[in-house]
Amino acid sequence: MAKLFRAAIMGPPGSGKGTISKRIAQSFGLQYLSSGHYLRESIAANTEAGVLVRSYVERSMLVPDHVMTKLMLPRLEQLIDHSWLLDGFPRTLSQAHAMNNLCQLDLVISLNIPFETLRERLSERLSHPASGRVYNMGFNPPRVQGKDDITGEPLIQHDDDKPEALMARLRHYKDVAKPVIDLYKSQGILHSFSGTDTDRIWPYISSLLSTKMHTQPSNSFQTQTP
């Protein structure tokens, strides 16, 4: 790509952000930047930001804006000459303004998935805490039940993926995301996609990116997800 292209993807827990992000990265050659990956990496490396992150994660608290920007902005500075897709950042208006001071986004994808679909997906979701790998018993099960495919270590269901916690998570997401969505809508770069099936949403996202990036996708993935 001759011109740099920078995008972000937003959506509530269970919306399929990770799946769609990986498809975008594979199909359009964008570097996939996951805030969750950087959080885990910083904790493992015991960096200054990682020590701060751990102090919140261990108490099951949300990582505050000043810590997230301290973690993410240096990464984005390092990639100032690259095209990328951000997943998980910016989550808040404060984070969005901090990032805007460094670089401007070309496109923001917002996923709108019905509550019942999110509830079903999250009730079947298992994860490998150390790597962040996510499985779903309905469409992406581990090869051995309850075990991570790579390490064989046990998989867990997060407490906040359980139905009783989901409503609070979704309410918090909507409250925090709305000002960010409104900001990007006012900038004319927000594109929203609604549905219950990732494979049905994907062609519309792919078509949008083809138009915006003036390129055709490479179809190197298989569509077997909800």
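Residues numbered from 1 in each chain as written. Predicted model: local features only at pLDDT ≥ 70, side-chain atom pairs only at ≥ 80, totals over all residues. Heavy atoms only, no water.

**Quick look at helix α8 (residues 198-213)**
In step 1: Taking 1.5 Å of rise per residue, the 16 residues of α8 would be expected to cover 22 Å, and the 21 Å separating its terminal C-alpha atoms lies within 8% of that figure.
In step 2: Those residues of α8 lying buried are T198, I201, W202, I205, S206, L208, L209, S210 and M213.
In step 3: Those residues of α8 that are buried lie in contact with α1 (17-28), β4 (107-112), α6 (115-123) and β7 (190-194).
In step 4: One side-chain oxygen of the residue at the start of α8 lies 2.8 Å from the amide nitrogen of D199, identifying that residue as D197. (Helix = DSSP H or I, 4+ residues; strand = E, 2+ residues; numbered from the N terminus. Expected span 1.5 Å × (residues − 1). Buried < 20%, exposed > 50% of the residue type's maximum accessible area, 1.4 Å probe, protein only. Contact = heavy atoms within 4.5 Å. Polar contact = N/O pair within 3.5 Å; in protein donor to acceptor, adjacent residues only side chain to side chain.)

**Some remarks on helix α5 (residues 93-100)**
In step 1: When we look at burial in α5, the residues that qualify are Q95, A96, M99 and N100. Down the axis of α5, the sector holding all buried residues measures 135°, keeping them to one side.
In step 2: Looking at the packing, one finds that the buried side of α5 touches α4 (65-78), β3 (84-87) and α7 (163-186). (Arc of directions from axis to C-beta.)

**Here's the deal with the packing of aromatic side chains**
In step 1: Applying the stated criterion to the full structure yields zero aromatic pairs.
In step 2: One residue, R59, lies across the ring of Y56, its end atom 5.3 Å from the ring centre. (Phe/Tyr/Trp six-rings, centres within 6.5 Å; stacked < 30°, edge-to-face > 60°. Lys NZ or Arg CZ within 6 Å of the ring centre and 35° of its normal.)

**Concerning the pairing of β3**
In step 1: Residues W84 and L86 point to one face of β3 and L85 and D87 to the other, with burial holding for every one of them.
In step 2: Where strand β1 (residues 6-10) and β3 come together, four bridges link them in parallel fashion. In the strand pairing of β3, A8 is matched with L86. (Pairing = 2+ DSSP bridges.)

**Notes on the nonpolar core**
In step 1: Membership of the largest hydrophobic core comes to 32 residues, with the highest contact counts inside it found for L86, M99 and Y184.
In step 2: The set of elements that each furnish at least two residues to this core consists of β1, α2 (35-45), α3 (48-57), α4, β3, α5 and α7.
In step 3: Beyond its immediate stretch of four places on either side in the chain, L86 contacts A7, A8, I9, L33, M72, L76 and M99. (Core = buried A, V, L, I, M, F, W, Y, C linked by side-chain atoms within 4.5 Å.)

**Re unusual backbone geometry**
Glycine aside, a negative phi is what most residues show, and trans is what most peptide bonds show.
In step 1: Here the amide bond leading from F89 into P90 is cis, since omega sits at 0°, within 30 degrees of zero.
In step 2: Note that P90 resides in the loop between β3 and α5.
In step 3: Here the phi dihedral of N46 falls at roughly 60°; this positive angle occurs in a residue that is not glycine.
In step 4: Locating N46 in the fold gives a position in the loop between α2 and α3.
In step 5: For H214, which is not glycine, the phi dihedral falls at a positive 55°.
In step 6: Inspection of the secondary structure assignment puts H214 in the segment after α8.

**Observations concerning the pattern of salt bridges**
Proximity of charged atoms lets side chains of opposite charge pair with each other.
In step 1: According to the stated counting rule, one finds nine salt bridges in the structure shown.
In step 2: Between D148 and R133 there is a salt bridge; the shortest N-O distance is 2.8 Å. Linking D148 in the loop between β6 (134-136) and α7 with R133 in the loop between β5 (125-127) and β6, this pair joins segments that are 15 residues apart in sequence.
In step 3: For R200, the salt bridge identified is with D197, shortest N-O distance 3.9 Å.
In step 4: Given the relative accessible area of 25%, D197 is considered partly exposed. (Salt bridge = Lys/Arg side-chain N within 4 Å of Asp/Glu carboxyl O.)

**A look at the environment of K185**
In step 1: On the secondary structure map, K185 appears in helix α7.
In step 2: Linking K185 and Y135, residues 50 residues apart in sequence, is a C-alpha distance of 32 Å.

**Overview of the sheet that holds β1**
In step 1: One open sheet accounts for five strands, arranged β2-β3-β1-β4-β7; its pairing is parallel. Strands with a single pairing partner mark the edges of an open sheet, and in this sheet they are β2 (31-34) and β7. Across the sheet, the mean angle separating the axes of adjacent strands is 20° when strand polarity is ignored.
In step 2: Here five bridges tie β4 to β7, and the two strands are oriented parallel to one another. Within β7, the position partnered with L111 by the bridge is F193.
In step 3: Taken strand by strand, α7 contacts β1, β4 and β7, and its axis lies near 150° from that of β1. (Axes fitted to C-alpha atoms, helices over the stretch in contact; angles between N-to-C directions.)

**Side note on the packing of α4 against α5**
In step 1: Two numbers describe how α4 lies on α5: the axes approach to 10 Å, and their chain directions differ by 30°. If you check the angle between α4 and α5, you find them roughly parallel. Relative to α5, the crossing made by α4 is right-handed. Where α4 approaches α5, its residues D65, M68, T69, L73 and L76 are matched on the opposing element by S94, Q95, A98 and M99.
In step 2: The residue makeup of the contact of α4 with α5, split by class, is five nonpolar, three polar and one charged. (Parallel < 35°, antiparallel > 145°, perpendicular 65-115°, else oblique. Left-handed = near helix turned anticlockwise from the far one by under 90°. Nonpolar A, V, L, I, M, F, W, Y, C, P; charged D, E, K, R; others polar.)

Taken by themselves, the reported measurements are silent on function.
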